[in-house]
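# Per-entry structural report
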Amino acid sequence: MRVLVRRCWGPPLAHGAGRGRPSPQWRALARLGWEDSRVREKPPWRVLFFGTDQFACEALRALHAARENKEEELIDRLEVVTVPSPSPRGLPVKQYAVQSHLPIYEWPDVGSGEYDVGVVASFGRLLSEALILKFPYGILNVHPSCLPRWRGPAPVIHTVLHGDTVTGLISVLKNLPESLSNGRQQPTEGATYAPKISAGTSCVKWEEQTSEQIFRLYRAIGNIIPLQTLWMANTIKLLDLVEVNSSVLADPKLTGQALIPGSVIYHKQSQILLVYCKDSWIGVRSVMLKKALTATDFYNGYLHPWYHKNSQAQPSQCRFQTLRLPTKKKQKKTVAM
């Protein structure tokens with residue numbers, strides 16, 4: 001994932017770090033007792049993190065690693081704000097904060113300590129102007145792509161789907177005043193759109209997609225919409241996919257097979273289904289066919305009986321096929337005259 005860090009609106013930087021005259025909001029805050037002496041001009045920073053889901057958890061993990069790095073001394077204090085959850089364990093950010101012994105607050109409680117900068121990632125709550133003004137360096141908004149790439153409602157999904165890599169979060173904190181004072185407007189060149197994901201996106205195209213592309217698709221949407229395929233005229237959902245290691249790929253049973261996309265074989269040693277893609281194999285640990293089945297269950301209940309019934313058939317005849325979902329026809333609107 002590429003990560004863009006944007007600064008939410010905040011007070012101008014103190015001690016000449018910012019540009020221009022103080023805003024009316026900044027002067028009002030000063031009248032309420034905020035003092036320039038509190039502003040740190042360099043690390044280590046006091047950071048308050050806002051987040052909820054797995055994406056936010058990865059950003060928190062990076063901040064925590066930076067705080068634990070005593071040689072660099074980038075972060076002095078790291079505390080966490082998340083939202084209430086019906087689950088007793090809480091959301092991923094809370095789970096990680098508990099495991100890492102980080103102070104946690106549940107929204108709207110944001111603690112009462114002094115912080116230099118806030119960091120927000122996938123929080124899902126509106127941060128007020130008054131709250132943002134409490135941070136001398138404002139609040140950094142972590143976006144899951146390097147804008148203007150993947151603007152739209154599904155940036156996380158498209159970032160993972162296209163194999164973008166991670167960059168940018170911690171480097172901003174290393175040179176925080178300079179990074180904020182050198183902020184620039186997003187360019188219009190290179191803008192791409194991240195549209196909503198439809199059910200059709202989950203249909204695996206064995207003849208067209210490589211094993212890497214299919215695994216990216218699984219990582220991007222598998223926890224939202226399970227990947228789907230067709231087996232013997234039945235729709236089957238692929239619940240748990242894994243990359244296949246080199247030792248499995250070296251098995252003579254695989255190298256001697258006719259490589260037709262969609263071909264499915266049960267690998268007994270690793271207890272996974274192996275499905276051939278456009279270029280190589282991908283592993284499937286569990287599927288949904290009427291009910292959830294492990295790869296071993298699927299082999300015992302479906303694959304093995306099929307091979308027993310069709311003893312003369314080639315393994316390539318037992319394969320997954322691309323599921324073609326019907327397209328919805330747009331209804332024409334009629335206007336009464």
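Described in the following lines is the structure provided in the data block. (Residues numbered from 1 in each chain as written. Predicted model: local features only at pLDDT ≥ 70, side-chain atom pairs only at ≥ 80, totals over all residues. Heavy atoms only, no water.)

### Here we look at the nonpolar core
For clarity, the threshold we go by: Remark: nonpolar core denotes a set of buried residues (Ala, Val, Leu, Ile, Met, Phe, Trp, Tyr, Cys) joined through side-chain atoms within 4.5 Å. Here's how the labels work: a residue is buried when its accessible area is under 20% of the maximum for its type, exposed when over 50%, partly exposed in between, all with a 1.4 Å probe on protein chains only. Secondary structure elements are defined from DSSP: runs of H or I of at least 4 residues count as helices, runs of E of at least 2 residues count as strands, and each element is numbered from the N terminus. For the domain bounds, the source is a domain assignment made automatically or taken from a database.
Counting 31 residues, the largest nonpolar core has Phe 49, Leu 173 and Leu 176 as its most contacted members. If one sorts the elements of this core by residue count, helix H2 (residues 54-68) sits on top with 7 residues. Residue-level mapping places this core at the junction of two domains, with at least three residues from each of domain 1 (1-6 + 37-142) and domain 2 (146-177 + 190-196). By size, the runner-up hydrophobic cluster in this structure holds 30 residues, among which are Val 264, Val 275, Val 287 and Leu 289.

### Considering the side chain of Thr 229
Applied cut-off: Polar contact is the term for a pair of N or O atoms within 3.5 Å; when the atoms are in protein, one must be able to donate a hydrogen and the other to accept it, and sequence-neighboring residues count only if both atoms are side-chain atoms.
For Thr 229, the position within the fold is in strand E7 (residues 227-231). A relative accessible area of 0% places Thr 229 in the buried class. At 2.8 Å, the side chain of Thr 229 forms a polar contact with the side chain of Trp 206. Among the polar contacts listed, one links the side chain of Thr 229 to the backbone oxygen of Gln 321, at a separation of 2.8 Å.

### Quick word on the pairing of strand E2 (residues 45-51)
In summary, the side chains of a regular strand alternate between the two faces of the sheet. For the record, the criterion: For two strands to be treated as a pair, DSSP must find no fewer than two bridges joining them. With its strands directed away from the observer, a crossover is right-handed exactly when the path from the first strand over the helix to the second travels clockwise.
Counting buried residues in E2 gives 7 out of 7 residues, a clear majority hidden from the surface. In E2, alternate side chains face the same way, and those of Trp 45, Val 47, Phe 49 and Gly 51 on one face and Arg 46, Leu 48 and Phe 50 on the other are all buried. With 6 bridges connecting them, E2 and strand E3 (residues 75-82) associate as parallel partners. Bridging across to E3, Trp 45 finds its partner in Ile 75. Regarding topology, H2 serves as the crossover connection from E2 to the parallel E3, and that connection is right-handed. As defined by bridge partners, E2 adjoins strand E5 (residues 117-121) across 5 bridges and the pair is classed as parallel. Within E5, the position partnered with Phe 49 by the bridge is Val 119.

### A few points about the packing of aromatic side chains
Two measures describe an aromatic ring pair: the distance that separates the ring centres and the angle between the ring planes. For clarity, the cut-off: Classification of ring pairs rests on two measures: the distance between centres of Phe, Tyr or Trp rings, Trp counted by its six-membered ring, which must be within 6.5 Å, and the angle between planes, read as stacked under 30 degrees, edge-to-face over 60 and tilted in between.
In the structure shown here, the tally under the stated rule is 13 aromatic pairs. Seen from their ring centres, Trp 45 and Tyr 137 are 5.2 Å apart, and the 70° between their planes marks the pair as edge-to-face. With Trp 45 in strand E2 and Tyr 137 in the loop between helix H4 (129-132) and strand E6 (139-143), this pair connects stretches of sequence that are 92 residues apart. Under the relative-accessibility criterion, Trp 45 is labelled buried at 0%. Look at Tyr 137 and you get buried, because its relative accessible area is 2%. Geometrically, the ring pair formed by Phe 298 and Phe 320 is tilted, given 6.4 Å between the ring centres and 55° between the ring planes. With a gap of 22 residues between them, Phe 298 in helix H11 (residues 295-309) and Phe 320 in the segment after H11 connect regions that are remote in the sequence. What makes Phe 298 buried here is its relative accessible area of 0%. Of the aromatic side chains, those joined through ring pairs into one cluster are Phe 50, Trp 107, Tyr 115, Phe 123 and Phe 135.

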